[in-house]
Every structure is written in structure tokens, then in C-alpha cells.
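Spelled out from the first residue to the last, the chains are:
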Amino acid sequence: MKRGLQARISIILTAFLNVLDVSAVILLQMANVRLLSWIYTRSKVVLHLNPQQLVTHSEYIIVLGAILVSVSPLLVGLALARIFNNRSSTRFCWNILAIVLSLYYALNGILLFYNVIRGFPFDFYLLWYNLHDAIDTLRAIFGYFDLLLVFAVLFVVLHFRGLIKIFDSLQWCLTRSASAFLTAAVFTCVTSHVLLGNEIINGVLPLFSDTSEVERLYERYYHDSLKQNKLNQALPMPSELRENLFIIQLESINAKLVNETITPRWARLAAEKGVMFPAIQGVAVLTMRAQETILCSILPALGLNTASSAALTDGLVCLPRLLQRLGYRNLFFHSFPDIHSSNAELFMKRIGFDERHASDIMKPGDTLLDWGYAEDIFYQRVFEYLERYRGKKLFVYIAVSSTNHYPFSYPESAIANVDFRKKLPFRNATTLAERIANTTFLQDEMLGAMYDKWFKPRYAEDSHMIVLGDHSWPIENRINAKSNDQGAFQDNFLTSMALLPARGVKDRFSVGARVDGLFSQLDFMPTIADLFGVKGLTIYGKSFLHEAQGKLAKNRRPRCAVSVQPFGGRKISIIEYPMKRVYNVAEQQVLLYDLEKDPGENAPLKIGNIDSAELSKLQDCVKSLPPHSEAVQPIRSNGEVLP
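Attention here is on the structure that accompanies the text. Small disclaimer: the values here were computed from a predicted structure and weren't measured.

**Some thoughts on helix α15 (residues 375–386)**
Here comes step 1: Along its 12 residues, α15 runs 16 Å from first to last C-alpha, staying within 8% of the 16 Å computed at 1.5 Å per residue.
Here comes step 2: Burial within α15 is extensive, with nine of its 12 residues counted as buried.

**Regarding the sheet that holds strand β3 (residues 329–334)**
Here comes step 1: Pairing is mixed in the open sheet, where eight strands are placed in the order β4-β3-β7-β1-β8-β9-β2-β10. The open sheet has two edge strands with one neighbour each: β4 (355–357) and β10 (519–520).
Here comes step 2: One ladder, built from six bridges, connects β3 with strand β7 (residues 394–399); its direction is parallel. Among the inter-strand pairings, Leu331 is bridged to a residue of β7, identified as Val396.

**Quick word on the sheet that holds strand β12 (residues 571–576)**
Here comes step 1: Ordered in space as β11-β12-β13-β14-β15, the five strands form an open sheet in which the pairing is antiparallel. Since the sheet does not close on itself, it has two edges, and those belong to β11 (561–565) and β15 (606–609), each with one partner. Here the average twist between neighbouring strands, direction ignored, is 20°.
Here comes step 2: The sheet contact formed by β11 and β12 spans five bridges and is antiparallel.

**Focus: the pattern of salt bridges**
Here comes step 1: Within the structure shown, the criterion is met by 19 salt bridges.
Here comes step 2: Residue Arg265 is joined to Glu445 by a salt bridge in which the shortest nitrogen-to-oxygen separation is 3.1 Å. Linking Arg265 in helix α10 (residues 264–273) with Glu445 in helix α16 (residues 432–458), this pair joins segments that are 180 residues apart in sequence.
Here comes step 3: By relative accessible area, Arg265 is classed as buried at 16%.
Here comes step 4: Linked through salt bridges whose partners overlap, the residues forming this network are Glu213, Arg216 and Arg220.

**Section: empty space enclosed by the protein**
Rolled over the atoms, a probe as big as a water molecule pinpoints where empty space is left.
Here comes step 1: Enumeration according to the criterion identifies four cavities of 30 Å³ or more in this entry.
Here comes step 2: Quantified by volume, the largest cavity comes out at close to 60 Å³.
Here comes step 3: What lines the largest cavity is Asn32, Leu36, Val69, Ser70, Tyr104, Tyr105, Asn108, Leu112, His193, Gly197, Asn198 and Glu199.
Here comes step 4: Of all the secondary structure elements, the ones that give two or more residues to the lining of the largest cavity are α1 (2–43), α2 (58–84) and α3 (90–118).
Here comes step 5: Per element, the largest residue contribution to the lining of the largest cavity is four residues, and it comes from α3.
Here comes step 6: Here the lining of the largest cavity is composed, by residue class, of five nonpolar, six polar and one charged.

The rules we used
- Throughout, residues of each chain are indexed from 1 in the direction in which the sequence is written.
- For a predicted model such as this one, the threshold for reporting local features is a pLDDT of at least 70, and the threshold for listing and counting side-chain atom pairs is 80 or more; totals across whole chains, interfaces and linings nevertheless cover every residue.
- Hydrogens are left out, water is left out, and the side-chain values use all remaining heavy atoms of the structure.
- Secondary structure elements are defined from DSSP: runs of H or I of at least 4 residues count as helices, runs of E of at least 2 residues count as strands, and each element is numbered from the N terminus.
- The span you would expect from a helix comes to 1.5 Å times its residue count less one.
- Burial classification: accessible surface area is computed with a 1.4 Å probe over protein chains only, and a residue below 20% of its type maximum counts as buried, one above 50% as exposed, and the rest as partly exposed.
- Here the rule is simple: two strands pair whenever DSSP picks up at least two bridges between them.
- Comment: axis = line fitted to C-alpha atoms, over the contacting stretch for helices; angle = value between 0 and 180 degrees taken between N-to-C directions.
- Within this document, salt bridges are pairs made up of a side-chain nitrogen of Lys or Arg and a carboxyl oxygen of Asp or Glu, the two lying within 4 Å of each other.
- Throughout, the protein atoms alone are placed on a 1 Å grid, and a set of points is a cavity if a 1.4 Å probe fits but cannot get out or a pocket if it is open with protein on both sides within 12 Å along at least five of seven lines; lining residues have an atom within 4 Å of a point.
- Grid points are joined across faces, edges and corners, and a volume is the space filled by probe spheres set on the points.
- Three categories are distinguished: nonpolar for Ala, Val, Leu, Ile, Met, Phe, Trp, Tyr, Cys and Pro, charged for Asp, Glu, Lys and Arg, and polar for the others, with Gly belonging to the last.

Honestly, that's just the spatial picture; any functional story needs more than this.
Shown next, in the form of C-alpha cells:
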């Protein structure tokens, strides 16, 4: 009796698992078709392939195309399974085939879902250039990432089991026509994917594309900026400098939001105690890439970032190295708990920071958000730690990334101790722009509180403070990009900066001034070097200290601002205000804008191929960033590189 009951339970469980396995295959196929239909509808890719008379039936064409692209790999798998069935190692071949198809459909489904949610295909460069931080980033974005990963693995296992059952049950219908069926399936698969696209192939192919001439030209100047920086090893140093230097790096500061409404504390500090630079051209779209230029005055890397390579960073003479030689103790603090994130610890050590700190200075119970410790408690721990160095010359770099970070939503704990909930710019924020405005406001409030409580009574008399953004974040652009890995708009790059000089030397500066005009992060290091009396730097940047002092710069050459977007097809942006050129590497096109007449970059004045004339424009731009090496090869009028 007991055995009979166990047998019935076993049969029921087996049947249930069989249904579950096959359902996993069917559900994933349906999801692929639905997601593809959404993407094709948005991009209108199918309509571009059909004559005008078929437009009225576009919905059916879209669904048909999505079905062919989604189902055809499975049909190829079925045909191959039938052919493998005649071999002695049938099960082994089926297992390999099922594993390949299951992983393909799972990955393709994830990429399709990403495309639908984000509005853009996934860029594999984003993963390739940030392998070390990929898991941490996903965990921060998705609160239940580990659980989702478990479900994804389970679903792949069920899909695999379902494919094996399908291979086994459909062999009878392919007895005589396996070869013909395989030919038809392969033809359908190749044709549909070539015409309509494949999420995996479209993402991977750029990784294997040939390097274009515009990339080669930019790379030559990028490597030359490293070379010029490393020539400063034996630079003579001044003596008897006393002022400390504090740099406060704020996360995702869009210059459009730096005003009395969204950043009142920052705006008031600049107006009463310093000099505001409202337009600073960020060089890149990620924090580490910005820090490389801010601290070292090197061109931003279009490929793998500089900090990831010991060969590139060894020998760099960056700002902390200069101040170290002036007798300063250099300390780097990051609110993200993992100091190794983005290779920060190793890079900051290589360029001269004596100490690098993150979670090690924090205490149990300190509020930890998705992207790091809440700024109020983090600032407190930083200044408590600095007490051991009172009376010494300090260079302190504080990078905060907790509150004003993607996806720009804040928990109640982020504002629990701040009595200004009703003062948020948008109490019922619904759009991305409104959410960013709120989190920028929160970040600003904690900056002001830090200044009043910690910096002002202890350091303001003999310490300079510089407040700056690492990069911008898109809030208004014509492609409606919600993330910083798409586009090369000013919305991606343009940020702000304020210089708050030490009270003891404030008479040397134009306190209360607002210095309009476009400046670059490339010029930050030479400006600080100039502030501390270091002369003779051979770097691409150029000091704008004269502007902070209310003086006319002597012999200032016209400056060209450079920014790069290493993701979303890769782009190089150059600005000779008001004209801006964007070199689209993937499409080999250049777009020309007039930022004065079209600040939103909605209507390019020109869209053309990257020809020799446009290459010369790019070269003229980077050559205006002295001093460049004579070893950088110029370009002939026909676009060829001179020997």
C-alpha cells in the first residue's frame, strides 16, 4: 500500500516537473517574441524593410519578424538534435546543444529586457571596461539581485530540461527530412537575424571591429598626454606653503541644477566665501575617469580607463604627488564602503595618496545606503579621523556618492535627521529630472551642514576648499537617455565648481564673483598647482587661477574642451565655444552643433562623414592643449598620418 502511494506521488511529481520544464521553454519563447515586438515597434526596423503598401499591416509584420527571430534558433536546435540522434553519443550531443540554446535564450532574454527598460541596447563595453565592479553595481541597482540570480539559474536549468524532453518527443516527425529541415531552419535563422538584428550579436560585434582613424588619432594624443605628465619628475618645488587643501567631490552634478533652488547651500557658500565656476566641462561619464583627469590633467581614455593599468599610471606626476613633495599629508576618502571599487585604492596609492579610506573609518550602526554611507555621518567620521593630523599640512580629497546616485531614490533614513523634508523641490517627484533634483538637494544640504559644523570652526581660516562635480547626469536631452552611458550631450558632461579660499588669504581672490565661460576638468590640476606656487608643469591642462583672482589671463590661447563617451557606440566631443563637434565612432559620423543657439543639442547644423577635414578639426583641437609632443604625428590633408 505504501509503495503504491509512493509510486503515485512519484508519477504526479514527474508529470509536474515535465510540465514545468516544457513551460519554461514556452514562456521564454513567448517573452522573447513580446520583447522583440516592443523593440521593433520602437525602432521601426521592420517597417524599413517593407514596401509602403505593407505599412497598414505593420503590426502583423512586426509580430511575424519577432517570431522568426525568436523561434528559428530553436528550430535549428531541433534539426541538429535529430541528426545527433543517429550517433552513439546522442545524449552527450543533446546535452551540449541544450546547454548552448538555454544559455543563448536566457542571455538574449536578459538583453532584450534591458533594451526595453532602458530604451537602448546593452553595450558590452560597459561590462568589458568595468568587470571588477559589475556585480557590486548590479547589487546596488537591484535590491534583490542575488535572489534574482538564483531564480535565473533555476530557470535556465528548467529550460535545459525542457529542451531535452522536446528533443526526445519530436524525433518521430523528422525521420525522413532532418537535413532539409536543418537547411530551411538555418536559412530562416540567418536571414531573419541579418535583416532584423540579434541582441547578442549586435552587442558583441563592436568589440571586434577595426580601429578607425579617428580613434587612432585620439589615442595618439591620449598617450602623449600621459608622456607629457611624466616629464614633471624633477620639477622644482616652492617652500613655506601653509594652507591646507580640501577637495569635496560631489556625485552626478548637472550644471543646470546648481542654483539657489536646488543647491542653496553650495550657491550661498560660493557667493559669500568664494568664486563660482558654473560651467565646467566634465571629461567623461564615470567617476574614476573624471578623477584621472581632475588629479592628473591627462586626456580621458576612450578605451580601458587609465586607472586599470599599472603601465599607464606608473610614473604619473599627479596633484597628490606634487603636494607630497611640498610636505603635505595626502588623504583620500570615499563614501562607498569598498575602497577597491573601480580600482580606486590602487590608483590613488600609485599617484601619491598616503592614505586611502572608506569603511575602515566608519562605526557599527552608521547609515549605509545602496551606494555608500550617508553623507552626514560619513563627513563626521572623516573629520573625526583628521583630528590626529591637526597642525600638519593636509591635502584631503573627499568623494561622496551615496545620496545623489542612480536610480536617484532615497530611503527615509537618508533624511531622518534633517528637518527640511517639506523643503524638497519636488515633494511628489514622478520624473527622473524631479528625482535628481531632490537627491541633489539632499546632497547639497549635507555639504552645507558639513561646512558649518566641521570645516568652518576647524579649517576655514587656513584651508582652501574646492567643491566640484565628477560628471553630469542626463535630465533633458533629445534621445531621452535616462543613464549616463548613452549620448555625448552637455547633459552628460557639464558640471560646476566653486573655489572657497582660506579666510587668511581671501583678499587675493575675487570673492563673490561668478566666472562665466566654459572651463575644463583638464585644467583643474594646473590651477591648483598655480595656487600653490608650482610653475613649469608640462601637461595638457592650463591654469585658470587668474579668473578666480579677478584678473585677465595673460596670453590665454583659445581653449578647446574635450570629452569622451566610451559607451553607447563611443563618441569624442570637442568644443570650441559655441561650436561643438561629436565624433560618433560606431557610425563614423560627425555632428556639428551651435551651443549658443541650440543649447539642448536638438538640431545639428551638420551630419557628415568623418573625412580628412574633420580629422584635422579634431587634431587642431587637441593641439591647442599645450604642450603636446612633437612626436605626435600630424595628418596630411588626405587623412593619412605623416611618418
